[in-house]
Amino acid sequence: MNILVVNAGSSSIKYQLIDMSTEKVLSSGLVERIGLEEGSITHKTFCKDEEKKTKEVFAIPDHTVGLKRVAELLVDKEVGVISDPSEIKAVGHRLVHGGEAFTKTVVITDEVKAKVKELFPLAPLHNPANLIGVEVAEKVFPNATQIGVFDTAFHQTMPEVAFRYAIPNEMYTALGIRKYGFHGTSHKYVSEKAAGYLGNKNAKIVSIHLGNGASMAAVEGGVCKDTSMGIGPLNGLIMGTRSGDIDPSVIFYLVEQNGYSVNEVSKILNKESGMQGLTGDTDMRDIETRYLKGDKVAILAYEMYAYRIQQYIGKYAAALNGLDAIVFTAGIGENDTIVRSLVCKNMEYFGIVVDEAKNSVRSKEIREINENNAKTKILVIPTNEELEIARQSFELVK
Ligand code: ADP
(Lines give C-alpha, C1' and ligand atoms only; values in the text may rest on other atoms or scores of the structure.)
Protein backbone atom coordinates (compact mmCIF):
# COMPACT_ATOMS: atom_id res chain seq x y z
CA MET A 1 0.00 0.00 0.00
CA ASN A 2 1.32 3.44 -0.99
CA ILE A 3 0.96 6.53 1.12
CA LEU A 4 1.71 10.03 -0.10
CA VAL A 5 3.05 12.37 2.56
CA VAL A 6 2.40 16.04 1.89
CA ASN A 7 3.83 19.04 3.68
CA ALA A 8 2.27 22.16 2.18
CA GLY A 9 3.72 25.57 2.96
CA SER A 10 2.55 28.96 1.72
CA SER A 11 4.62 28.75 -1.49
CA SER A 12 5.86 25.16 -1.49
CA ILE A 13 4.78 21.52 -1.29
CA LYS A 14 7.15 18.80 -0.11
CA TYR A 15 6.07 15.25 -0.84
CA GLN A 16 7.15 11.64 -0.46
CA LEU A 17 5.49 8.52 -1.78
CA ILE A 18 6.17 5.61 0.57
CA ASP A 19 5.47 1.93 -0.03
CA MET A 20 4.24 0.74 3.37
CA SER A 21 4.99 -2.92 2.70
CA THR A 22 8.70 -2.09 2.75
CA GLU A 23 8.61 1.45 4.21
CA LYS A 24 10.78 2.45 1.23
CA VAL A 25 10.52 5.87 -0.35
CA LEU A 26 9.50 5.39 -3.99
CA SER A 27 9.56 9.02 -4.90
CA SER A 28 10.10 12.40 -3.26
CA GLY A 29 10.10 15.97 -4.38
CA LEU A 30 9.57 19.63 -3.83
CA VAL A 31 7.27 22.09 -5.56
CA GLU A 32 8.71 25.55 -5.00
CA ARG A 33 7.93 29.21 -5.62
CA ILE A 34 4.18 28.67 -6.06
CA GLY A 35 2.51 31.91 -7.13
CA LEU A 36 5.72 33.52 -8.32
CA GLU A 37 6.73 34.24 -11.91
CA GLU A 38 8.88 31.16 -12.12
CA GLY A 39 8.22 28.06 -10.06
CA SER A 40 9.87 24.66 -10.10
CA ILE A 41 9.31 21.01 -9.30
CA THR A 42 12.23 18.81 -8.33
CA HIS A 43 11.12 15.19 -8.54
CA LYS A 44 13.18 12.16 -7.55
CA THR A 45 12.43 8.49 -7.93
CA PHE A 46 14.16 5.60 -6.23
CA CYS A 47 13.81 2.28 -7.96
CA LYS A 48 15.99 -0.73 -7.35
CA ASP A 49 18.63 1.47 -5.72
CA GLU A 50 18.74 3.66 -8.80
CA GLU A 51 17.98 7.34 -8.27
CA LYS A 52 16.49 9.48 -11.03
CA LYS A 53 16.05 13.21 -10.67
CA THR A 54 14.17 15.65 -12.87
CA LYS A 55 13.61 19.36 -12.52
CA GLU A 56 10.91 21.32 -14.28
CA VAL A 57 10.81 25.10 -14.25
CA PHE A 58 7.52 26.78 -15.11
CA ALA A 59 5.00 29.22 -13.65
CA ILE A 60 3.00 27.45 -10.94
CA PRO A 61 0.14 29.86 -10.17
CA ASP A 62 -1.31 27.88 -7.26
CA HIS A 63 -1.05 24.69 -5.20
CA THR A 64 -3.60 22.88 -7.41
CA VAL A 65 -1.45 23.26 -10.51
CA GLY A 66 1.61 22.12 -8.56
CA LEU A 67 0.03 19.02 -7.03
CA LYS A 68 -1.69 18.06 -10.30
CA ARG A 69 1.71 18.07 -11.97
CA VAL A 70 3.10 15.93 -9.13
CA ALA A 71 0.28 13.42 -9.72
CA GLU A 72 1.27 13.30 -13.40
CA LEU A 73 4.94 12.83 -12.58
CA LEU A 74 4.13 9.96 -10.22
CA VAL A 75 2.46 8.04 -13.08
CA ASP A 76 4.83 9.23 -15.84
CA LYS A 77 6.32 6.49 -18.02
CA GLU A 78 9.87 7.81 -17.57
CA VAL A 79 10.02 9.19 -14.03
CA GLY A 80 6.88 7.68 -12.52
CA VAL A 81 6.66 4.90 -9.94
CA ILE A 82 2.99 3.94 -10.04
CA SER A 83 0.63 3.37 -12.94
CA ASP A 84 -2.43 5.16 -11.59
CA PRO A 85 -3.04 7.80 -8.88
CA SER A 86 -5.68 5.47 -7.40
CA GLU A 87 -2.78 3.30 -6.17
CA ILE A 88 -2.31 5.95 -3.48
CA LYS A 89 -4.54 4.80 -0.63
CA ALA A 90 -3.98 7.73 1.69
CA VAL A 91 -2.46 11.18 1.73
CA GLY A 92 -0.88 12.00 5.08
CA HIS A 93 -0.74 15.74 5.65
CA ARG A 94 1.60 17.46 8.05
CA LEU A 95 -0.62 19.92 9.89
CA VAL A 96 1.19 22.30 12.18
CA HIS A 97 -1.31 23.42 14.82
CA GLY A 98 -3.93 21.15 16.27
CA GLY A 99 -4.56 23.27 19.37
CA GLU A 100 -6.23 21.31 22.16
CA ALA A 101 -8.66 19.76 19.68
CA PHE A 102 -6.31 17.17 18.23
CA THR A 103 -4.39 14.80 20.44
CA LYS A 104 -3.75 12.24 17.75
CA THR A 105 -3.74 11.60 14.01
CA VAL A 106 -7.17 11.82 12.38
CA VAL A 107 -8.98 11.13 9.13
CA ILE A 108 -9.75 14.56 7.69
CA THR A 109 -13.46 15.33 7.53
CA ASP A 110 -15.31 18.61 6.97
CA GLU A 111 -15.46 18.96 10.73
CA VAL A 112 -11.69 18.54 11.05
CA LYS A 113 -11.13 21.14 8.33
CA ALA A 114 -13.43 23.59 10.09
CA LYS A 115 -11.50 23.08 13.33
CA VAL A 116 -8.14 23.57 11.58
CA LYS A 117 -9.56 26.82 10.20
CA GLU A 118 -10.62 27.92 13.67
CA LEU A 119 -6.99 27.47 14.69
CA PHE A 120 -5.66 29.85 12.01
CA PRO A 121 -5.06 32.64 14.54
CA LEU A 122 -2.72 30.34 16.51
CA ALA A 123 -0.64 29.44 13.44
CA PRO A 124 -1.27 32.15 10.87
CA LEU A 125 1.79 31.24 8.79
CA HIS A 126 1.26 27.49 8.71
CA ASN A 127 -2.34 26.30 9.14
CA PRO A 128 -3.82 28.19 6.15
CA ALA A 129 -1.17 26.73 3.82
CA ASN A 130 -1.61 23.26 5.33
CA LEU A 131 -5.36 23.43 4.74
CA ILE A 132 -4.84 24.46 1.11
CA GLY A 133 -2.69 21.32 0.78
CA VAL A 134 -5.58 19.20 2.09
CA GLU A 135 -8.18 20.78 -0.17
CA VAL A 136 -5.99 20.43 -3.23
CA ALA A 137 -5.14 16.81 -2.42
CA GLU A 138 -8.85 16.02 -2.08
CA LYS A 139 -9.31 17.21 -5.67
CA VAL A 140 -6.19 15.62 -7.13
CA PHE A 141 -6.43 12.29 -5.26
CA PRO A 142 -10.18 11.83 -4.77
CA ASN A 143 -9.85 8.10 -4.07
CA ALA A 144 -7.37 8.53 -1.23
CA THR A 145 -8.25 8.97 2.42
CA GLN A 146 -6.91 12.32 3.62
CA ILE A 147 -5.22 12.13 7.00
CA GLY A 148 -3.99 14.87 9.29
CA VAL A 149 -0.88 14.43 11.45
CA PHE A 150 -0.43 17.35 13.82
CA ASP A 151 2.91 18.73 14.98
CA THR A 152 1.34 19.62 18.30
CA ALA A 153 -0.46 16.31 19.02
CA PHE A 154 2.40 14.47 20.75
CA HIS A 155 2.72 17.31 23.26
CA GLN A 156 -0.93 17.21 24.32
CA THR A 157 0.00 14.86 27.17
CA MET A 158 1.90 17.62 28.98
CA PRO A 159 0.50 18.21 32.45
CA GLU A 160 -1.18 21.53 33.11
CA VAL A 161 1.63 22.53 35.43
CA ALA A 162 3.94 22.44 32.38
CA PHE A 163 1.69 23.88 29.69
CA ARG A 164 0.12 26.86 31.48
CA TYR A 165 1.57 30.35 31.48
CA ALA A 166 1.25 32.38 34.67
CA ILE A 167 -0.98 35.02 33.09
CA PRO A 168 -4.66 35.72 33.93
CA ASN A 169 -6.68 32.50 33.79
CA GLU A 170 -9.16 33.80 31.25
CA MET A 171 -6.36 34.19 28.73
CA TYR A 172 -6.15 30.43 28.78
CA THR A 173 -9.83 29.65 29.08
CA ALA A 174 -11.09 32.25 26.58
CA LEU A 175 -8.16 32.65 24.22
CA GLY A 176 -6.37 29.31 24.42
CA ILE A 177 -3.06 30.91 25.37
CA ARG A 178 -0.86 28.07 26.63
CA LYS A 179 2.16 26.07 25.60
CA TYR A 180 1.44 23.72 22.67
CA GLY A 181 4.88 22.76 21.36
CA PHE A 182 5.88 21.66 17.86
CA HIS A 183 8.10 19.08 16.10
CA GLY A 184 5.94 16.49 17.87
CA THR A 185 6.22 14.00 15.02
CA SER A 186 10.00 14.07 15.23
CA HIS A 187 10.15 13.94 19.04
CA LYS A 188 7.77 10.99 19.02
CA TYR A 189 9.74 9.15 16.34
CA VAL A 190 13.18 9.55 17.92
CA SER A 191 12.07 9.04 21.52
CA GLU A 192 10.39 5.75 20.51
CA LYS A 193 13.55 4.69 18.69
CA ALA A 194 15.59 5.62 21.77
CA ALA A 195 13.35 3.63 24.10
CA GLY A 196 13.66 0.67 21.71
CA TYR A 197 17.43 1.03 21.62
CA LEU A 198 17.58 1.18 25.42
CA GLY A 199 15.19 -1.76 25.72
CA ASN A 200 13.22 0.22 28.29
CA LYS A 201 9.78 1.47 27.37
CA ASN A 202 9.61 3.55 30.55
CA ALA A 203 12.87 5.35 29.78
CA LYS A 204 13.32 9.01 30.73
CA ILE A 205 14.47 10.68 27.55
CA VAL A 206 15.31 14.21 26.53
CA SER A 207 14.88 14.60 22.79
CA ILE A 208 16.84 17.44 21.16
CA HIS A 209 15.64 18.34 17.64
CA LEU A 210 18.12 20.76 16.07
CA GLY A 211 17.15 21.81 12.55
CA ASN A 212 16.52 25.32 11.28
CA GLY A 213 13.81 25.36 13.88
CA ALA A 214 14.86 23.68 17.12
CA SER A 215 13.10 22.32 20.15
CA MET A 216 13.45 19.84 22.99
CA ALA A 217 11.04 17.48 24.68
CA ALA A 218 11.04 15.64 27.99
CA VAL A 219 9.57 12.19 27.41
CA GLU A 220 8.86 9.41 29.91
CA GLY A 221 7.31 6.08 29.02
CA GLY A 222 6.61 7.39 25.50
CA VAL A 223 4.63 10.31 26.89
CA CYS A 224 5.63 13.95 26.47
CA LYS A 225 5.97 15.76 29.81
CA ASP A 226 7.29 19.10 28.63
CA THR A 227 8.64 20.84 25.56
CA SER A 228 10.52 24.03 24.79
CA MET A 229 8.36 25.71 22.14
CA GLY A 230 5.24 27.49 23.32
CA ILE A 231 2.04 28.85 21.83
CA GLY A 232 4.18 29.39 18.73
CA PRO A 233 7.60 28.20 17.58
CA LEU A 234 9.55 31.20 18.88
CA ASN A 235 10.20 29.98 22.41
CA GLY A 236 13.03 27.88 23.78
CA LEU A 237 16.27 27.16 21.99
CA ILE A 238 18.37 29.50 19.88
CA MET A 239 17.48 28.66 16.26
CA GLY A 240 18.63 29.53 12.74
CA THR A 241 16.76 32.83 12.69
CA ARG A 242 14.58 32.73 15.85
CA SER A 243 15.68 34.10 19.20
CA GLY A 244 14.24 31.39 21.43
CA ASP A 245 13.75 32.46 25.08
CA ILE A 246 14.01 36.16 25.74
CA ASP A 247 12.60 38.44 28.41
CA PRO A 248 9.27 39.70 26.95
CA SER A 249 10.33 43.17 28.17
CA VAL A 250 12.60 43.32 25.12
CA ILE A 251 9.47 43.63 22.98
CA PHE A 252 8.06 46.51 25.02
CA TYR A 253 11.44 48.21 25.06
CA LEU A 254 11.69 48.05 21.27
CA VAL A 255 8.10 49.19 20.70
CA GLU A 256 7.68 51.80 23.42
CA GLN A 257 11.16 53.27 23.70
CA ASN A 258 12.59 52.75 20.24
CA GLY A 259 9.66 53.20 17.86
CA TYR A 260 9.52 49.71 16.36
CA SER A 261 6.15 48.43 15.17
CA VAL A 262 4.86 45.07 16.42
CA ASN A 263 5.31 43.70 12.89
CA GLU A 264 8.92 44.78 12.83
CA VAL A 265 9.60 43.17 16.20
CA SER A 266 7.96 39.96 15.01
CA LYS A 267 10.19 39.98 11.94
CA ILE A 268 13.28 40.63 14.04
CA LEU A 269 12.57 37.82 16.52
CA ASN A 270 11.44 35.28 13.90
CA LYS A 271 13.64 36.01 10.92
CA GLU A 272 16.62 38.08 11.99
CA SER A 273 17.60 36.65 15.37
CA GLY A 274 19.09 33.36 16.54
CA MET A 275 22.31 32.34 14.80
CA GLN A 276 21.49 34.78 11.97
CA GLY A 277 21.30 37.69 14.40
CA LEU A 278 24.42 36.65 16.30
CA THR A 279 26.67 35.83 13.35
CA GLY A 280 25.07 37.09 10.11
CA ASP A 281 24.87 33.47 8.91
CA THR A 282 21.94 31.06 9.26
CA ASP A 283 23.35 27.81 7.95
CA MET A 284 25.24 26.01 10.70
CA ARG A 285 27.80 24.70 8.21
CA ASP A 286 28.88 28.25 7.42
CA ILE A 287 29.08 29.14 11.09
CA GLU A 288 31.01 25.93 11.78
CA THR A 289 33.63 26.90 9.16
CA ARG A 290 34.05 30.24 10.91
CA TYR A 291 34.19 28.54 14.33
CA LEU A 292 36.98 26.25 13.16
CA LYS A 293 38.94 29.26 11.89
CA GLY A 294 38.76 30.79 15.38
CA ASP A 295 36.18 33.48 14.51
CA LYS A 296 35.22 34.93 17.94
CA VAL A 297 31.69 35.84 16.84
CA ALA A 298 31.02 32.27 15.69
CA ILE A 299 32.58 30.81 18.85
CA LEU A 300 30.35 32.92 21.11
CA ALA A 301 27.27 31.99 19.05
CA TYR A 302 28.08 28.27 19.26
CA GLU A 303 28.64 28.54 23.00
CA MET A 304 25.35 30.36 23.51
CA TYR A 305 23.56 27.81 21.33
CA ALA A 306 24.93 24.91 23.39
CA TYR A 307 24.45 26.64 26.74
CA ARG A 308 20.73 27.07 26.06
CA ILE A 309 20.41 23.36 25.30
CA GLN A 310 22.31 22.49 28.50
CA GLN A 311 19.90 24.63 30.51
CA TYR A 312 16.95 22.76 29.03
CA ILE A 313 18.57 19.40 29.81
CA GLY A 314 18.75 20.58 33.42
CA LYS A 315 15.10 21.65 33.39
CA TYR A 316 13.98 18.37 31.91
CA ALA A 317 16.11 16.21 34.18
CA ALA A 318 14.21 17.99 36.96
CA ALA A 319 10.84 17.53 35.23
CA LEU A 320 11.52 13.81 34.77
CA ASN A 321 13.32 13.36 38.09
CA GLY A 322 16.02 11.46 36.24
CA LEU A 323 17.56 10.91 32.86
CA ASP A 324 18.28 7.71 30.93
CA ALA A 325 19.25 9.24 27.60
CA ILE A 326 19.54 12.42 25.63
CA VAL A 327 18.94 12.17 21.90
CA PHE A 328 20.35 14.46 19.21
CA THR A 329 18.40 14.64 15.95
CA ALA A 330 17.68 16.68 12.76
CA GLY A 331 20.18 18.46 10.50
CA ILE A 332 22.39 19.94 13.21
CA GLY A 333 21.82 17.31 15.90
CA GLU A 334 22.70 14.49 13.52
CA ASN A 335 25.70 16.14 11.87
CA ASP A 336 27.30 18.81 13.98
CA THR A 337 29.95 17.24 16.21
CA ILE A 338 30.91 20.60 17.74
CA VAL A 339 27.39 21.32 18.97
CA ARG A 340 27.14 17.84 20.50
CA SER A 341 30.54 18.18 22.11
CA LEU A 342 29.76 21.61 23.62
CA VAL A 343 26.34 20.48 24.87
CA CYS A 344 27.87 17.48 26.62
CA LYS A 345 30.74 19.41 28.21
CA ASN A 346 30.65 19.90 31.99
CA MET A 347 27.49 17.85 32.32
CA GLU A 348 28.91 15.02 34.47
CA TYR A 349 26.43 15.90 37.19
CA PHE A 350 23.71 14.61 34.85
CA GLY A 351 25.69 11.48 33.99
CA ILE A 352 26.48 12.93 30.54
CA VAL A 353 30.05 12.22 29.37
CA VAL A 354 30.78 12.23 25.65
CA ASP A 355 33.33 9.96 23.95
CA GLU A 356 34.87 12.28 21.35
CA ALA A 357 36.07 9.45 19.13
CA LYS A 358 32.49 8.12 18.88
CA ASN A 359 31.14 11.65 18.51
CA SER A 360 33.28 12.28 15.44
CA VAL A 361 32.03 9.20 13.56
CA ARG A 362 29.69 10.09 10.68
CA SER A 363 26.87 7.66 10.09
CA LYS A 364 23.20 7.58 9.16
CA GLU A 365 22.55 4.86 11.74
CA ILE A 366 21.32 5.20 15.30
CA ARG A 367 24.40 5.38 17.51
CA GLU A 368 25.65 5.89 21.04
CA ILE A 369 28.38 8.51 21.63
CA ASN A 370 28.75 8.44 25.42
CA GLU A 371 31.69 7.02 27.30
CA ASN A 372 31.10 3.36 28.01
CA ASN A 373 30.47 3.65 31.73
CA ALA A 374 28.56 6.95 31.64
CA LYS A 375 25.25 6.87 33.49
CA THR A 376 23.25 8.63 30.78
CA LYS A 377 23.28 7.49 27.17
CA ILE A 378 23.95 10.09 24.51
CA LEU A 379 22.27 8.93 21.32
CA VAL A 380 22.31 10.28 17.77
CA ILE A 381 19.14 9.20 15.97
CA PRO A 382 18.27 10.34 12.44
CA THR A 383 14.72 11.63 12.47
CA ASN A 384 12.21 10.75 9.75
CA GLU A 385 9.09 12.82 10.06
CA GLU A 386 7.75 11.69 6.68
CA LEU A 387 7.97 8.02 7.63
CA GLU A 388 6.30 8.74 10.97
CA ILE A 389 3.46 10.57 9.17
CA ALA A 390 3.14 7.66 6.73
CA ARG A 391 3.09 5.10 9.58
CA GLN A 392 0.45 6.97 11.51
CA SER A 393 -1.63 7.39 8.33
CA PHE A 394 -1.23 3.70 7.53
CA GLU A 395 -2.58 2.78 10.96
CA LEU A 396 -5.85 4.50 10.07
CA VAL A 397 -6.35 2.99 6.61
CA LYS A 398 -4.83 -0.50 6.70
P1 ADP B 1 14.63 21.93 8.76
O2 ADP B 1 13.99 20.59 8.42
O3 ADP B 1 14.18 22.52 10.05
O4 ADP B 1 14.67 22.91 7.64
P5 ADP B 1 17.10 20.41 8.94
O6 ADP B 1 16.76 19.38 9.95
O7 ADP B 1 17.29 20.02 7.54
O8 ADP B 1 16.15 21.66 9.06
O9 ADP B 1 18.45 21.11 9.45
C10 ADP B 1 19.00 22.22 8.80
C11 ADP B 1 20.28 22.63 9.53
O12 ADP B 1 21.14 21.48 9.60
C13 ADP B 1 21.04 23.73 8.83
O14 ADP B 1 21.43 24.73 9.77
C15 ADP B 1 22.26 22.99 8.32
O16 ADP B 1 23.37 23.82 8.31
C17 ADP B 1 22.45 21.92 9.35
N18 ADP B 1 23.30 20.85 8.82
C19 ADP B 1 23.02 19.99 7.82
N20 ADP B 1 24.10 19.20 7.58
C21 ADP B 1 25.07 19.59 8.44
C22 ADP B 1 26.41 19.19 8.69
N23 ADP B 1 26.96 18.23 7.99
N24 ADP B 1 27.08 19.81 9.69
C25 ADP B 1 26.51 20.79 10.41
N26 ADP B 1 25.26 21.22 10.22
C27 ADP B 1 24.55 20.64 9.25
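A short tour of the structure in this document, coming up.

Criteria and thresholds
- Residues numbered from 1 in each chain as written.
- Predicted model: local features only at pLDDT ≥ 70, side-chain atom pairs only at ≥ 80, totals over all residues.
- Heavy atoms only, no water.
- Pairing = 2+ DSSP bridges.
- Helix = DSSP H or I, 4+ residues; strand = E, 2+ residues; numbered from the N terminus.
- Polar contact = N/O pair within 3.5 Å; in protein donor to acceptor, adjacent residues only side chain to side chain.
- Contact = heavy atoms within 4.5 Å.
- Buried < 20%, exposed > 50% of the residue type's maximum accessible area, 1.4 Å probe, protein only.

Description of the sheet that holds strand β11 (residues 223-227)
- Here six strands make up an open sheet; going across it, the order is β11-β10-β9-β12-β14-β13 and the pairing mixed. Strands at the two margins of the open sheet, each flanked by one partner only, are β11 and β13 (367-368).
- Direction of pairing for strand β10 (residues 214-220) relative to β11: antiparallel, over a ladder of four bridges. Each bridged residue has a counterpart across the sheet, and for E220 the counterpart in β11 is V223.

Thoughts on the side chain of R367
- Structurally, the position occupied by R367 is in strand β13.
- At a separation of 2.9 Å, a polar atom in the side chain of R367 contacts the main-chain carbonyl oxygen of S363.
- Engagement of the side chain of R367 in a polar contact is seen with the backbone oxygen of E365, the distance being 3.1 Å.
- Once residues lying within four places of it in the same chain are set aside, the contact partners of R367 are E334, R340, V361, I378, L379 and V380.

Comments concerning the pairing of strand β2 (residues 13-19)
- A large share of β2 lies buried, amounting to six of its seven residues.
- Bridging between strand β1 (residues 2-8) and β2 involves seven bridges; their strand directions are antiparallel. Counterpart to V5 in the pairing with β2 is Q16.
- The antiparallel pairing of β1 with β2 creates a hairpin that spans four residues between the two strands.

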